[in-house]
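Chain by chain, the residues:
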Amino acid sequence: MYLLDVLDDISRKRRLYSAEDLYKLNEAVFNLPDGEFVNPKTTARLFGTLSNIMRAYNDGHSQAQDPNFFYDYVALLATMQNQHFLDDEQNRRICGWLYEALGHELGIPAAGGKGKGKDNSAAAQRELAKLEAENEALKKELEQLRGLSTAIAAFKAFKPLQAEKTAEPKAKAKAKVKNREDKKSKENKENEDEKDGESEKKEE
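So, how was this worked out
Residues numbered from 1 in each chain as written. Predicted model: local features only at pLDDT ≥ 70, side-chain atom pairs only at ≥ 80, totals over all residues. Heavy atoms only, no water. Helix = DSSP H or I, 4+ residues; strand = E, 2+ residues; numbered from the N terminus. Buried < 20%, exposed > 50% of the residue type's maximum accessible area, 1.4 Å probe, protein only. Contact = heavy atoms within 4.5 Å. Areas by Shrake-Rupley, 256 points an atom, 1.4 Å probe, with all protein chains shown as cover. Axes fitted to C-alpha atoms, helices over the stretch in contact; angles between N-to-C directions. Parallel < 35°, antiparallel > 145°, perpendicular 65-115°, else oblique. Left-handed = near helix turned anticlockwise from the far one by under 90°. Nonpolar A, V, L, I, M, F, W, Y, C, P; charged D, E, K, R; others polar. pLDDT = per-residue confidence, 0-100. Expected span 1.5 Å × (residues − 1). Polar contact = N/O pair within 3.5 Å; in protein donor to acceptor, adjacent residues only side chain to side chain.

Teacher, can you tell me more about the overall build of the protein here?
Helix and strand counts for the protein come out as seven helices and zero strands. Burial statistics for the protein: of 204 residues in total, 27% are counted as buried. Excluding contacts between residues fewer than 6 apart, the proportion of contacts in the protein whose partners are at least 24 apart in sequence is 69%. Surface accessibility of the protein: about 14600 Å² in total, with carbon and sulfur atoms responsible for 53%.

Structure below.
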């Protein structure tokens, strides 16, 4: 699995991550094949790696070394908050990290501030709640699409059986027609042989 290869590479960095590392991890998660299953062990490892990346972002060292780190960090969190294999608590924490990163970049004060900053924070919290609701709706839609995909696959599996049943009567009909033609041809030959015999007798 490509995702495991990327996680192996990132685990060797000891929290000295680059924007390229985040881009590769985002790409590996975003391009997961439909039939590829992310088991609980891989999910836990992936979430642990995200936690380490979050701490690296918060200490400011990675961002100071690479100005593109913030953008790849936000893109990675945006991809992760929409993954069905994460549980609700993991999803909530990722959304919180995304909110904190955007708030820091946009200058939105933390919750508990006063005046205009407090209003901005409340608006951001509402936006976060909206994103979480949309995420839940997408999860439900994904489950429905998977059920539909399973039903379509099952329907396609019955098509060869139906074709076989349809082909069987046709084959029997063709065989019957061929038998009739063979029989008719045989009768014609016998009639011709009889006529030839009669002609020979007359000549005698």
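Don't stop here, the text continues.
Just checking my understanding: could you explain the packing of helix α1 (residues 2-11) against helix α2 (residues 19-30) for this structure?
For any two helices packed against each other, the geometry is given by the interaxial angle and the distance between the axes. Across the interface, α1 lies against α2 with an axial gap of 9 Å and an inter-helix angle of 160°. When the interaxial angle is binned, α1 and α2 end up roughly antiparallel. Handedness of the α1/α2 crossing: left-handed. Of the residues in α2, those touching α1 at Tyr2, Leu3, Val6, Leu7 and Ile10 are Asp21, Lys24, Leu25, Glu27, Ala28 and Val29. Looking at the contact of α1 with α2 residue by residue, the classes come out as eight nonpolar, no polar and three charged.

Help me understand the confidence of the model for the protein, please; the structure alone is not making it clear to me.
On average, residues of the protein score 77 in pLDDT, and 72% of them are at 70 or above. In the model, residues 112-118 has pLDDT below 50 throughout and makes two contacts with residues more than four positions away in sequence or in other chains.

Before we go on, may I ask you to explain helix α3 (residues 40-58) in this structure?
Within an α-helix, residues lying three or four positions from one another point in the same direction, as the helix has 3.6 residues per turn. Taking 1.5 Å as the rise per residue, α3 with 19 residues should run 27 Å; its terminal C-alpha atoms sit 27 Å apart, in good agreement. If you check which residues of α3 are buried, you get Thr42, Thr43, Leu46, Phe47, Thr49, Leu50, Ser51, Ile53, Met54, Ala56 and Tyr57. The N-terminus of α3 is capped by Asn39, whose side-chain oxygen sits 3.2 Å from the backbone nitrogen of Lys41.

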